[in-house]
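Breakdown of the fold
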Amino acid sequence: MNRRRMGGKKELAAAEYLAGCGYRILERNFYSRAGEIDLVAAEGGYLVFIEVKYRSTDAFGYPEEAVTLKKQRTIVGTARYYMLKNGYPPETPCRFDVVAITGEKIRLVKNAFEG
């Protein structure tokens, strides 16, 4: 299976997992010039921007370790644009979560980094 198809499959699995955890998925694959956000959701009074990372095994590290400082900055910039485009005020409570998938095991890392 190519990377794009596998990524889409894992993002769908992540969205289903999050829905089961009480998240309301607002958008999948939000694109802008600044970058991409895999999932945007509402949960517990927060607007949540979610990065999904997949590895078939943890032999080369955990999936969440791939969310580098550079990637975090890209996500934060894209999140700001999302909020502006969709009319969210700057004081909207936001959070950045990571869904790490290793094989078929899914882990949620809430508040994985600061915006």
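Here the structure is shown first, and the text comes after it.
Residues numbered from 1 in each chain as written. Predicted model: local features only at pLDDT ≥ 70, side-chain atom pairs only at ≥ 80, totals over all residues. Heavy atoms only, no water.

With that out of the way, let us pick up the packing of aromatic side chains. Scanning the model with the defined rule gives six aromatic pairs in all. Seen in terms of ring centroids, Tyr 82 and Tyr 88 are 6.1 Å apart; in terms of plane orientation they differ by 25°. Their pairing is stacked. The exposure class assigned to Tyr 88 is partly exposed, which follows from its relative accessible area of 29%. (Phe/Tyr/Trp six-rings, centres within 6.5 Å; stacked < 30°, edge-to-face > 60°. Buried < 20%, exposed > 50% of the residue type's maximum accessible area, 1.4 Å probe, protein only.)

Here we come to the pattern of salt bridges. Counted under the stated rule, the structure contains seven salt bridges. A single network of salt bridges, built from pairs that share partners, joins Glu 43, Arg 95, Asp 97 and Lys 110. (Salt bridge = Lys/Arg side-chain N within 4 Å of Asp/Glu carboxyl O.)

Another point: helix H1 (residues 3–20). The terminal C-alpha atoms of H1, which comprises 18 residues, lie 26 Å apart, in line with the 26 Å expected from a rise of 1.5 Å per residue. Listed in full, the buried residues belonging to H1 are Lys 10, Glu 11, Ala 14, Ala 15 and Leu 18. Relative to the axis of H1, the buried residues are bounded by an arc of 145° and lie together on one face. Looking at H1, the residues exposed on the side facing more than 90 degrees away from the buried face are Arg 5, Glu 16 and Gly 20. On its buried side, H1 packs onto strand E1 (24–32), strand E2 (35–43), strand E3 (46–55), strand E4 (94–102) and strand E5 (105–113). With its phi angle positive at about 95°, Gly 22 sits one or two positions after the end of H1. (Helix = DSSP H or I, 4+ residues; strand = E, 2+ residues; numbered from the N terminus. Expected span 1.5 Å × (residues − 1). Arc of directions from axis to C-beta. Contact = heavy atoms within 4.5 Å.)

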